[in-house]
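For reference, the chains in residue letters:
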Amino acid sequence: MKKLVFVLVIIGLTSCESKFYTLDDFSSVEKIDAHYHIYSSGSNSFDLARKDNFKLFVINVFLGDCEEIVEDHQLYKKLAQENSSDFAFSTAFCLDGWDDPAWVENTISWIDQCVADGANSVKVWKNIGMEFRDKDSVLIQIDDPKFDPIFKHLSENNIPLIGHLGEPRNCWLPLNEMTTKTDSSYFSRHPEYHMYLHPEFPSYEDQIAARDRMLEKNPDLVFIGCHLGSLEWSVDELAKFLDRFPNAAVDMAARMGQLFYQTVEDREKVRNFFIQYQDRLLYGTDIADNGDDKEKFQTSIHKTWLRDWEYLATDHTMNSSLINGNFKGLQLPKEVVNKIYAENFKKWYKTF
Ligand SMILES: [Zn+2]
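Residues numbered from 1 in each chain as written. Predicted model: local features only at pLDDT ≥ 70, side-chain atom pairs only at ≥ 80, totals over all residues. Heavy atoms only, no water.

**Describing the side chain of His 73**
Now for step 1: Mapped onto the elements, His 73 comes out in helix 3 (residues 66-82).
Now for step 2: Judged by its relative accessible area of 0%, His 73 falls in the buried class.
Now for step 3: Aside from chain neighbours lying at most four places away, what touches His 73 is Asn 60, Phe 89, Thr 91, Trp 110, Cys 114 and Asp 117. (Helix = DSSP H or I, 4+ residues; strand = E, 2+ residues; numbered from the N terminus. Buried < 20%, exposed > 50% of the residue type's maximum accessible area, 1.4 Å probe, protein only. Contact = heavy atoms within 4.5 Å.)

Printed below as a string of structure tokens:
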């Protein structure tokens, strides 16, 4: 009998130990940063990523300069050839020539060329809805019928659309009412995107509604919503979005602060959300590698990656410069951590 109890205790301890990762497991588990930017041909990112067991997914973005997309695409094509097993990339398209009847056709052939070069998806950015206007000065929204044939083409060819559309809800609040320091710091540096200062632009709700109308028109489109789908302020709202659009997933890039904030308020709710939607969430950071000071860059990136691992995998009590207050890590089960860090990316982007 004593022997049996001993065996049971050992089994109990082993199964308890194996259910969760520890901080020390960080570098032994395969991970993908599903939202990364590289603007340099240097190896700062790759050297650290290999050490920390990360693959990198670099997202090309149309920030306003069409030549920049082409240059970045050439860089990513080269990086993919040199690092095929741990690097993947998206493309983006340019809005110059929007009023030209050939714009749609040209855009589709650019996308096809990029996909032939190895891009696995297409990104659209918040400047659609917040910046670009047609020849009559009307703001172009993401559900504009002119995009229909492009998104139909993506659907038919199983090419995911990555969307950073709208902004965090904080963007429509004054700086001192924002819930995270990430947002108040970003919008104090970018008043042009701080919508509280631009009431003539569409509201937060208008931006989200335009995105949702676009998704309703394209039920077969695989959509990856960046930054928790711009619903970073409420896991309840995000859950409703994911229920409504089964072909959508979201990355967490640059929104850990909002998750920490909600964890301070109600950790169980956030943890249950992660478990319930474990197949729809992708870990990402929005880190940008400009080729600057290698040691400083790598130290800061390693710290971010390790902090997020600690939050998702352990139950340590933590604090972060992103918010006020202490919070406890979510300690998600291993299988959930594996999905968020790698399996979901492989499934949603059909890459690696
Ligand atoms: Zn980004």
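**A few points about the sheet that holds strand 4 (residues 91-92)**
Now for step 1: In space, the 6 strands of this open sheet follow the order 4-5-6-7-8-9, with parallel pairing throughout. The sheet is open, and its two edges are formed by strand 4 and strand 9 (281-282), each paired on a single side.
Now for step 2: Sheet analysis places strand 7 (residues 223-225) next to strand 8 (residues 248-251), joined by 3 bridges and oriented parallel. Bridge pairing in strand 8 places Ile 224 opposite Ala 249. (Pairing = 2+ DSSP bridges.)

**As for a negative patch on the surface**
Now for step 1: A surface patch of like charges, here negative, comprises Asp 65, Glu 67, Glu 71 and Asp 96.
Now for step 2: Looking at the element boundaries, Asp 96 is found in the loop between strand 4 and helix 4 (103-116). (Patch = residues over 30% accessible without salt bridge, like charges linked within 9 Å, V, L, I, M, F, W, Y side chains within 5 Å. Areas by Shrake-Rupley, 256 points an atom, 1.4 Å probe, with all protein chains shown as cover. Salt bridge = Lys/Arg side-chain N within 4 Å of Asp/Glu carboxyl O. Lys, Arg positive; Asp, Glu negative; His and termini not counted. Charge placed at Lys NZ, Arg CZ, Asp CG, Glu CD.)

**What about the coordination of the zinc ion?**
Now for step 1: Ligation of the zinc ion by protein atoms is provided by His 35 (NE2), His 37 (NE2) and Asp 286 (OD), these donors lying 2.1 Å from the ion.
Now for step 2: Within one chain, the residues donating to the zinc ion are spaced in sequence as H-x1-H-x248-D. You can see His 35 sitting in strand 1 (residues 31-38) and its partner Asp 286 sitting in the loop between strand 9 and strand 10 (287-289), a full 251 residues away along the chain.
Now for step 3: Residue classification places His 35 among the buried positions, given a relative accessible area of 0%.
Now for step 4: Residue class for Asp 286 comes out partly exposed when judged on its relative accessible area of 27%. (Donors = N, O, S within 2.8 Å, 3.2 Å for Na, K, Ca; no water.)

**Some points on helix 3**
Now for step 1: With 17 residues, helix 3 ought to run about 24 Å at 1.5 Å a step, and its terminal C-alpha atoms sit 25 Å apart, in line with that.
Now for step 2: Among the residues of helix 3, those classed as buried are Cys 66, Ile 69, Asp 72, His 73, Leu 75, Tyr 76, Leu 79 and Ala 80.
Now for step 3: In this structure, the buried side of helix 3 is in contact with strand 1, helix 2 (44-51), strand 2 (54-58), strand 3 (87-89), strand 4 and helix 4.
Now for step 4: Its side-chain oxygen placed 2.9 Å from the backbone nitrogen of Glu 67, Asp 65 serves as the N-cap of helix 3. (Expected span 1.5 Å × (residues − 1). Polar contact = N/O pair within 3.5 Å; in protein donor to acceptor, adjacent residues only side chain to side chain.)

**Thoughts on the state of the cysteines**
Now for step 1: Here the structure, examined in full by the defined rule, presents 1 disulfide.
Now for step 2: With a sulfur-sulfur separation of 1.8 Å, Cys 66 is cross-linked through a disulfide to Cys 94. Judged by the sign of its S-S torsion, about 50°, the cystine formed by Cys 66 and Cys 94 is right-handed. With Cys 66 in helix 3 and Cys 94 in the loop between strand 4 and helix 4, this residue pair connects regions lying 28 residues apart in the sequence.
Now for step 3: Taking relative accessible area as the criterion, Cys 94 reaches 18% and is therefore assigned buried. (Disulfide = S-S within 2.5 Å.)

**Some remarks on helix 11 (residues 256-276)**
Now for step 1: Relative to the 30 Å expected for 21 residues at 1.5 Å per residue, helix 11 spans just 18 Å between its end C-alpha atoms, considerably shorter than the ideal helical length.
Now for step 2: Largest kink in helix 11: about 125°, centred on Asp 266.
Now for step 3: Of the residues making up helix 11, those classed as buried are Met 256, Gly 257, Gln 258, Leu 259, Phe 260, Gln 262, Thr 263, Arg 267, Val 270, Arg 271, Phe 273 and Phe 274. (Bend = angle between axes of the 7 residues up to and from the residue.)

**Regarding the side chain of Arg 280**
Now for step 1: By secondary structure assignment, the location of Arg 280 is in the loop between helix 11 and strand 9.
Now for step 2: Buried charge without a salt bridge: Arg 280, with Asp 243 as the nearest opposite-charge side chain at an N-O distance of 5.4 Å.
Now for step 3: Looking at Arg 280, its side chain comes within polar contact range of the main-chain oxygen of Leu 242, at 2.8 Å.
Now for step 4: If near-sequence neighbours (up to four positions away) are discounted, Arg 280 is found in contact with Leu 242, Phe 245, Pro 246, Ala 248, Ala 249, Val 250, Asn 344 and Trp 348.

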